[in-house]
Amino acid sequence: MKKAPRPSRRQLVVAGAVGALTLGATAILPATNAMAATGCAVTYTTNSWSGGFTASISVKNLGDPISSWTLGFTFPDQGQKVTQGWSATYEQSGSAVTARSLSYNGSLATGAATSIGFNGTFTGGNPTPTSFTLNGTVCTGGTTPTTSTPTTPPPTTAPPTTAPPTGTTPVAINGQLRVCGVNLCNQYGKPIQLRGMSTHGLQWFAQCYNDASLDALSKDWLADLLRVSMYVQEDGYETDPAGFTNRVNTLVDEATERGMYALIDFHTLTPGDPMFNLERAKTFFAAVSARHANKNNVIYEVTNEPNGVSWSTIKNYAEQVIPIIRANDPDAIVIVGTRGWSSLGVSEGGNSTEVINNPVNGSNIMYAFHFYAASHKDNYRAELERAAARIPMFVTEFGTVTYTGGGAVDVASSNSWMDLLDRLKISYANWTFSDADEGSAAFRPGTCYGGTYTGTSVLTESGNYMRNRIRTPDNFPTS
C-alpha cells in the first residue's frame, strides 16, 4: 500500500537561554575589595515554606576570565540539605556545598554572571549560607537574612491509607495519580515517573495500533503509558469528530485492559493558536471525559504545541477547557502545553518564568515540555531543570533525532536527556510508536502491515534505544 504522507513538524528554533529567578528576599555578598584583581559577587535569594526552600544564586566574576568554575558555600549548620539542583552539579559534605559549572555556563568573562539554583530542606534557623567562594576566592560581605515567603509546598494532606496493590501493572500499583508539589505522585503520595510511547496521527497510522502491537508495548517493552495522539487538523478530528472520538476511546480502553495509563493528546500544531480550536476542544473533552470518568488511568493533554501566541492566551484557553473535564472527571491529571511548541518558550526566545509567575488556576495541573535530542541540547535541558524545580513538568513528546523527525539517533544527547528525566522523575512519551518512514519511528517501515511487533528485529535505531530505556525496572514506591 502507498504510505500516507508524513505530517509537517514544527520549525523549532534552537535558541533561548536560562532566565534568572528573583524570588523572596535577597542577600548580596560583594567582594571585599571592589578594586581587587580577583573577586566575585554573589546574590543569594530564597523562597521558603515549612521545612523546605528554593534558592537562586547569581554569581558574578570580578576577576580574570575563567573557563570553568566551582562555587563553594557553607550553611549555618548541618540542618540544611540540597535535595535537587539545576544549572550546576552539586555535592554536599556536612554543611559545606560545592556547585560546579556545566559545559554551557562555565565560561565567565570579567564582569560576567551566571545563575544557578536548588531546592533544599532545613531544620532550625534560616538556611542562608555564611560564606561563598568562586574558584577558591572568598566573596565576603554582609548578609541580609531572608524572610520566609509562602510558596507552593508539598501537599498538606496526608496520602490516603491504601492497601498494597494486588496487581503488577503500572495502574494496579499506582492507581489514581495526583500532583504533589512539583511531582507526579501515585495513590500513596509517592513521586513516580511514567515511561511510554506516543502514537503517530491516527488518520495515517491506525494500522499500527492493534492487539498485537499494544501487547508488545505493555508486555515486551514494559511501558507504563500510551499517549493517544489525535491530530485536530491535517485530516484529523475536524474532518470527522465522532469517528476520531471513537478511535480515541477505543485506544484508551485498550490501554486500560493492559494496565497502562492513557494520555489523551488534543494534537494541535497548525495553527499554533489554541483558541482556534477552543469550541472543538470543549466538545471533544466533554465527550471523552464523560466516557472515561470512572477510570483511574486517564490523563488529558489539552493542547499539544502552542506556537506564535502568548502564554496568557494559552492559559486563557486552558482555563476554559479544564472545567469541561473537571465537570466529569474532577481528579484526573491535566497537562497544558507551553509556549514555543511546548518548549517553555525557549524556541521563541523566552523561558519558563512566565509560567512560574502565572500558573494555570486549578489542581492536578502539569505543564508539557517537548524536545528533539539532536536539535535541542544544553540550554533546553537547563530550562527544563530550572522549571521542574518550581512547577510540575511532563515530557509528553520527544524524539531521539532532529526536530524534523528524521536523521540518526543522537545517542549522547538522548542519554543526557534520559538521564535528566530519570533523575528528576519527569514522565515521558517518545515520538513515535509507528512505522513511519523517518528516524523517530520505533518500527521499521512496513512493520504495521505484518503481525510481529516483539523483539528487536522489527525496530529502528530509535525503537531499539527506547525499548532498552523503557524496559529498565520501574521504581513505584508504595510506602
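Calculation criteria
- Residues numbered from 1 in each chain as written.
- Predicted model: local features only at pLDDT ≥ 70, side-chain atom pairs only at ≥ 80, totals over all residues.
- Heavy atoms only, no water.
- Disulfide = S-S within 2.5 Å.
- Helix = DSSP H or I, 4+ residues; strand = E, 2+ residues; numbered from the N terminus.
- Buried < 20%, exposed > 50% of the residue type's maximum accessible area, 1.4 Å probe, protein only.
- Expected span 1.5 Å × (residues − 1).
- Arc of directions from axis to C-beta.
- Salt bridge = Lys/Arg side-chain N within 4 Å of Asp/Glu carboxyl O.
- Pairing = 2+ DSSP bridges.
- Axes fitted to C-alpha atoms, helices over the stretch in contact; angles between N-to-C directions.
- Core = buried A, V, L, I, M, F, W, Y, C linked by side-chain atoms within 4.5 Å.
- Contact = heavy atoms within 4.5 Å.
- Phe/Tyr/Trp six-rings, centres within 6.5 Å; stacked < 30°, edge-to-face > 60°.
- Lys NZ or Arg CZ within 6 Å of the ring centre and 35° of its normal.
- Parallel < 35°, antiparallel > 145°, perpendicular 65-115°, else oblique.
- Left-handed = near helix turned anticlockwise from the far one by under 90°.
- Nonpolar A, V, L, I, M, F, W, Y, C, P; charged D, E, K, R; others polar.

**Some thoughts on the state of the cysteines**
- By the definition in use, this model includes three disulfides.
- C40 shares a disulfide with C139; S-S distance 1.3 Å. Across the disulfide from C40 to C139, rotation about the S-S bond amounts to roughly -85°, and the bridge is consequently left-handed. One end of the pair, C40, is in strand β2 (residues 40–49); the other, C139, is in strand β10 (residues 137–139), with 99 residues separating them in the sequence.
- On the accessibility criterion, C40 (0% relative accessible area) is buried.
- Residue C139 is classed as buried on the basis of its relative accessible area, which comes to 1%.
- What pairs with C208 in a disulfide is C448, and their sulfur atoms sit 2.1 Å apart. Measuring handedness by torsion sign, the sulfur bridge of C208 and C448 sits at about 105° and is right-handed. Of this pair, C208 sits in the loop between α2 (202–205) and α3 (211–220) while C448 sits in the loop between β20 (428–431) and α11 (461–470), and the two are 240 residues apart along the sequence. A single burial state applies to C208 and to C448, both of which are buried.
- Indicated for the protein chain is the disulfide connectivity 1-2, 3-4, 5-6, based on numbering the bonded cysteines in sequence order.

**A word on helix α10 (residues 411–424)**
- Across its 14 residues, α10 extends 20 Å between first and last C-alpha, which sits within 8% of the 20 Å expected from 1.5 Å per residue.
- Turning to α10, its buried residues are S413, S414, W417, M418, L420, L421 and L424. For α10, the angular spread of buried residues about the axis comes to 160°, placing them on one side. In α10, the exposed positions that point more than 90 degrees away from the buried face belong to A412 and R423.
- With its phi angle positive at about 55°, K425 sits one or two positions after the end of α10.

**As for the pattern of salt bridges**
- Applying the stated criterion to the full structure yields 23 salt bridges.
- Of the charged contacts, one joins D211 and R258 as a salt bridge, the two residues approaching to 3.3 Å between their closest N and O atoms. Of this pair, D211 sits in helix α3 while R258 sits in the loop between α4 (241–257) and β15 (261–267), and the two are 47 residues apart along the sequence.
- Between D215 and R258 there is a salt bridge, with its nearest N and O atoms 2.8 Å apart. Of the two residues, D215 is situated in helix α3 and R258 in the loop between α4 and β15; the sequence distance between them amounts to 43 residues.
- Connected through salt bridges with shared partners, the residues D211, D215, E254 and R258 form a single ionic network.

**Considerations on the sheet that holds strand β6 (residues 89–93)**
- Overall, antiparallel pairing links the five strands, which are arranged β6-β7-β4-β9-β10 in an open sheet. Two strands lie at the open edges of the sheet, namely β6 and β10, each paired on one side alone. Between one strand and the next, the sheet's axes are offset by a mean angle of 20°, whatever the strand orientation.
- Sheet topology places β6 next to strand β7 (residues 96–100); five bridges connect them, and they run antiparallel. When the sheet's bridge partners are listed, E91 is paired in β7 with T98.

**Examining the nonpolar core**
- Judged by nonpolar contacts, the single largest core of 84 residues is most densely connected at F285, V336 and M393.
- For this core, the element with the most residues is helix α6 (residues 311–328), which contributes seven residues.
- If we ignore the near neighbours within four places in the chain, the residues touching F285 are I264, F266, Y300, E301, V302, V321, I324 and I325.
- With 23 residues, the next largest nonpolar core counts F75, V97, F132 and C139 among its residues.

**Considerations on the packing of aromatic side chains**
- Within the structure shown, the criterion is met by 18 aromatic pairs.
- Where W204 meets Y231, the ring centres are 5.0 Å apart and the plane angle is 75°; that geometry is what we call edge-to-face. In this pair, W204 is assigned in helix α2 and Y231 in strand β14 (residues 225–231), connecting sequence segments 27 residues apart.
- Judged by its relative accessible area of 12%, W204 falls in the buried class.
- On the basis of relative accessibility, which here comes to 1%, the residue Y231 falls in the buried class.
- Within the aromatic cluster, the residues linked to one another by ring pairs are Y237, F266, F284, F285 and Y300.
- Looking at R247, its charged tip hangs above the ring of F244, at a distance of 4.5 Å from the centre.

**Some remarks on the environment of E234**
- If you trace the backbone, E234 turns up in the loop between β14 and α4.
- Put simply, E234 and L269 are 35 residues apart on the chain and 9.4 Å apart in space, counted from C-alpha to C-alpha.

**Quick word on the packing of α4 against helix α5 (residues 278–291)**
- Packing of α4 against α5 leaves a shortest axis separation of 11 Å and a crossing angle of 30°. Here α4 lies roughly parallel to α5, going by the angle between them. The way α4 lies across α5 gives a crossing that is right-handed. Contact residues: α4 offers T245, V248, N249 and D253, while α5 offers F284, A287, V288 and R291.
- Here the residues of the contact of α4 with α5 are counted per class, giving four nonpolar, two polar and two charged.

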